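# A look at the structure
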Amino acid sequence: MITLIPLEHYYSIYVHVCLFLVLANLIHAYTLDIDDPKNLLFLKTVGFILLFMSIAYLGLRPISGRYFGDMGTYSRYFNGYVLGESVNVDKDFAFHYYMKLVSNFTTVYGFFFITEFLYIFPMYLISKIHFEEYWFYAFFMFLVSFSFYTYGVNGIRNGVATSMFLWGLCYHNKKALMILFFVLAALFHKTLLLPIMAYVVTLFYNKPMIYIKAWLFSIPLSFVIGGALISVFTVLGFGDDRLAAYLSESTKVENVGKTGFRWDFIFYSSFAVFTGWYFIIKNKFEDKFYNQIYGVYLICNSFWILVIRANFSNRFAYLSWFLMAIIIIYPFLKKQFFEFQEVVIAKVVIAYFSFTYLMWLVYYG
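Okay, so let's go over this structure. Just so it is clear, the structure is predicted and the values come from calculations on it, not from any experiment. (Residues numbered from 1 in each chain as written. Predicted model: local features only at pLDDT ≥ 70, side-chain atom pairs only at ≥ 80, totals over all residues. Heavy atoms only, no water.)

## Topic: the overall build of the chain
Stated formally: Where helices and strands are cited, they refer to DSSP runs of H or I of at least four residues and of E of at least two residues respectively, numbered from the N terminus. Three labels apply to residues, based on accessible area from a 1.4 Å probe with only protein chains included: buried if under 20% of the type maximum, exposed if over 50%, partly exposed otherwise in between. Any pair of residues with heavy atoms lying within 4.5 Å of one another is described as a contacting pair. Areas reported here follow the Shrake-Rupley algorithm with a probe of radius 1.4 Å; residue values treat only the protein chains shown as occluding. Think of it this way: Lys and Arg go in the positive column, Asp and Glu in the negative one, and His and the chain ends go nowhere. The atom standing in for a charge is NZ when the residue is Lys, CZ when it is Arg, CG when it is Asp and CD when it is Glu.
Per the secondary structure count, the chain includes 18 helices and 0 strands. Taken over the C-alpha atoms alone, the chain extends approximately 60 × 50 × 45 Å along its principal axes. Within the chain, the fraction of its 365 residues that count as buried is 56%. Here the contacts in the chain between residues at least 6 apart in sequence split such that 77% fall between residues at least 24 apart. For the chain, the computed accessible surface area is about 16400 Å², with 67% contributed by carbon and sulfur atoms. Side-chain charges in the chain split into 26 positive and 20 negative, and the spacing between the mean points of these groups amounts to 4 Å.

Structure representation (structure tokens):
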């Protein structure tokens, strides 16, 4: 367990380490070509160091509900299972069975370390499978994402569930394995039914421009009648009781983060929307898998925009945001678009991380 770092500075240290790495990556991009053997060896070495350090930094953090949100709740569940309590099957039972299983052979600290591995390892795996020797860039994008830290230490169950979805995407050509991981994702957190259903839709209808237009239309629609849409989704019983509570305006104000029409989050979401448009529509980049995950992102993000005023709407936002890193970096690692592509990639990483850093300055700094 890491005890040398004051808990109140845990996130700020993470952010500033990312800032250093992002700037170092830019400097490095000016020194070696992207396909230079020295660069590939460097990326592989640094990539594995980041993989192990990120799992250790988040997985070995001290237990604190004050600084790490839901961590306190899960530690109480886990300690109860150690003492022989029955499994909670009221919601997302697979995660509770997972806790019960792990409680048989490790401590609560081991549980959080293993959970962090399940959260981060699929990000490495999907990067490695789809980008081979250039996997570092995609994995690095995951690490500097705005929502990465939050769902590693607070929305733990949601974070692991989305990583199960990413794990499934590693086997998009092996349907049985993909379905297995998709089912696990939904059983870990029911909200994953949304991206799963969106993925199924893209199997039958995969028209990026239509999804872009729908995304654009969802903004004024939500702005004008967003409150009514929230009521409709609640009445229809979307998801389970917990999701209905997220949508309902009856949730106590003190339990809700900043709500309202989040133009800042829509701006952040537009990074991936613009990237997909630029490469698929403007530059005629053809890649069936990319079109599919881009469609999943647009469908899920459009739904979030429609309920953007709801309590805890950030939990709906993450159902699309967890795909942002791979959507933005994917074309750069699949095809040569620019003369000095490694420099362009480094600048893209800086632009992407800038939102994370600015949000830290505004809300956490």
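## Remarks on a nonpolar patch on the surface
Worth spelling out the cut-off: Like-charged residues within 9 Å of one another, or nonpolar side chains (Val, Leu, Ile, Met, Phe, Trp, Tyr) within 5 Å, are grouped into patches, provided each residue has over 30% relative accessible area and no salt bridge. Here, a salt bridge means any side-chain nitrogen of Lys or Arg that lies within 4 Å of a carboxyl oxygen of Asp or Glu.
On the surface, V200, V201, L203, F204, Y205 and I210 cluster together into a nonpolar patch covering about 580 Å² of accessible area. Sort the elements by how many residues they give to the nonpolar patch and helix α11 (residues 193–204) lands first, with 4 residues. Tracing the backbone shows V201 in helix α11.

## Comments concerning the pattern of salt bridges
Going through the model one piece at a time under the given rule, you end up with 2 salt bridges. For E116, the salt bridge identified is with R61, shortest N-O distance 3.2 Å. Residue E116 is located in helix α6 (residues 108–131), and its partner R61 is located in the loop between α2 (37–59) and α3 (65–68); the two are separated by 55 residues in the primary sequence. Like E116, the residue R61 is buried in the burial classification. Across the salt bridge formed by D264 and R262, the nearest N and O atoms sit 2.7 Å from each other.

## Considering the side chain of T275
Residue position: T275 is located in helix α14 (residues 263–282). Excluding its chain neighbours within four sequence positions, the residues that come into contact with T275 are Y290, I327 and I328.

## Some thoughts on the state of the cysteines
We apply this condition: In plain terms, two cysteine sulfur atoms within 2.5 Å form what is called a disulfide here.
Scanning the entire structure with this criterion turns up 0 disulfides. Sulfur of C300: no disulfide; nearest cysteine sulfur belongs to C170 and is 18 Å away. Taking relative accessible area as the criterion, C300 reaches 0% and is therefore assigned buried.

## Some details on the packing of helix α9 (residues 156–169) against helix α16 (residues 313–321)
If you want to describe how two helices pack, look at the angle between their axes and the distance between the axes. Our working rule: Axes, fitted as lines to C-alpha atoms, cover a helix only where it is in contact. Angles between the N-to-C directions of the axes lie from 0 to 180 degrees. Angle categories are assigned with fixed cut-offs, so that under 35 degrees is roughly parallel, over 145 is roughly antiparallel, 65 to 115 is roughly perpendicular, and the rest are oblique. By the definition used in this description, the sense in which the near helix is turned from the far one sets the handedness, with an anticlockwise turn below a right angle giving left-handed and a clockwise turn giving right-handed.
With their axes 10 Å apart at the nearest point, α9 and α16 run at an angle of 20 degrees to one another. In this view, α9 runs roughly parallel relative to α16, as classed from their interaxial angle. Pair α9 / α16 crosses with right-handed handedness. Contacts between α9 and α16 involve N158, G159 and T162 from the first element and R315, Y318 and L319 from the second.

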